[in-house]
Amino acid sequence: MSDIRLEPVPGSDPELKLALSASGLPTEDLEDAGRSFFRAVSSNGGTVGYAGIEACGDDVLLRSIVILPEHRGKALGKSLTRETLKAVNEGSAVFLATTSATTFFESLGFTVIERPDVPPAVLATRQLSSICPASATIMQFNRAPT
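Residues numbered from 1 in each chain as written. Predicted model: local features only at pLDDT ≥ 70, side-chain atom pairs only at ≥ 80, totals over all residues. Heavy atoms only, no water.

On to the overall build of the protein chain. Of regular secondary structure, the protein chain possesses five helices and eight strands. Its helices and strands in sequence order give the protein chain the pattern β-α-β-β-β-β-α-β-α-β-α-α-β, from N to C terminus. By the compact-globule yardstick of 15 Å for 146 residues, the protein chain fits well, its C-alpha radius of gyration being 14 Å. When the backbone C-alpha atoms are referred to their principal axes, the protein chain occupies close to 45 × 35 × 25 Å. Pairs at least 24 residues apart make up 64% of the contacts formed inside the protein chain by residues separated by at least 6 positions. (Helix = DSSP H or I, 4+ residues; strand = E, 2+ residues; numbered from the N terminus. Rg over C-alpha atoms; globule rule 2.2 N^0.38 Å. Contact = heavy atoms within 4.5 Å.)

Below is the structure:
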């Protein structure tokens, strides 16, 4: 079961906040400007997870990808990530920070990069400047050549 669609939700959505909190993911800046969040909905209309993106000038920070516990182990995380990346302008570079999912994101085409290689607008986000620990791994999405 990997047929999902994304529906926009505001950062104030209580179910989004609950899903992120329950998975140990940050919620402090969900309602700040420049963020777009999505509810992942299965073909039967049920919510299976959430994702978000944050505009950083011409670049984008991929925000918390979370699959609800009862839907894990069905490759929905990969589907949700791929669908979320479709919402990003093709000319934008996509970055993320993770403390535990490096291998997962590598399987989707992200590579680890060093902080000096991250654009200043991405480093200036609350996620990277204060919320995520300095030890978080920063990754960049490598789009397939067109």
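There is more to say, and it comes next.
Attention shifts here to the environment of Glu-31. When you line up the elements, Glu-31 lands in the loop between helix H1 (14-22) and strand S2 (35-42). Linking Glu-31 and Val-122, residues 91 residues apart in sequence, is a C-alpha distance of 17 Å. Setting aside its immediate chain neighbours within four residues, Glu-31 contacts Gly-11, Ser-12 and Lys-17.

Time to look at the pattern of salt bridges. In the structure shown here, the tally under the stated rule is eleven salt bridges. Linking Arg-39 and Glu-15 is a salt bridge whose minimum nitrogen-to-oxygen distance equals 3.1 Å. One end of the pair, Arg-39, is in strand S2; the other, Glu-15, is in helix H1, and 24 residues separate them in sequence. The partner of Arg-35 in a salt bridge is Asp-29, and the shortest N-O contact between them spans 3.3 Å. Linked by salt bridges that have partners in common, Asp-29, Asp-32, Arg-35, Glu-54, Arg-63 and Arg-126 make up one network. (Salt bridge = Lys/Arg side-chain N within 4 Å of Asp/Glu carboxyl O.)

Moving on to unusual backbone geometry. When glycine is set aside, most residues are seen to have a negative phi, and most peptide bonds are trans. The residue Ala-75 is not glycine, and still its phi comes out positive at about 65°. Residue Ala-75 is classed as partly exposed on the basis of its relative accessible area of 48%. (Buried < 20%, exposed > 50% of the residue type's maximum accessible area, 1.4 Å probe, protein only.)

For the protein chain, per-residue confidence averages 92 on the pLDDT scale, and residues scoring 70 or more make up 97% of the total. Of all the helices and strands in the protein chain, helix H5 (residues 126-131) carries the lowest mean pLDDT, 88, while strand S7 (residues 110-113) carries the highest, 97. (pLDDT = per-residue confidence, 0-100.)

By volume, the largest pocket amounts to about 610 Å³. At the level of secondary structure, the elements contributing two or more residues to the lining of the largest pocket comprise strand S4 (59-62), strand S5 (66-67), helix H2 (76-86), strand S6 (94-98), helix H3 (102-106) and H5. No other element matches S6, which puts three residues into the lining of the largest pocket. Partitioned by chemical class, the residues of the lining of the largest pocket number 17 nonpolar, ten polar and three charged. (1 Å grid on protein atoms, 1.4 Å probe; cavity = no way out; pocket = protein on both sides within 12 Å on 5 of 7 lines; lining within 4 Å. Points joined across faces, edges and corners; volume = space filled by probe spheres on them. Nonpolar A, V, L, I, M, F, W, Y, C, P; charged D, E, K, R; others polar.)

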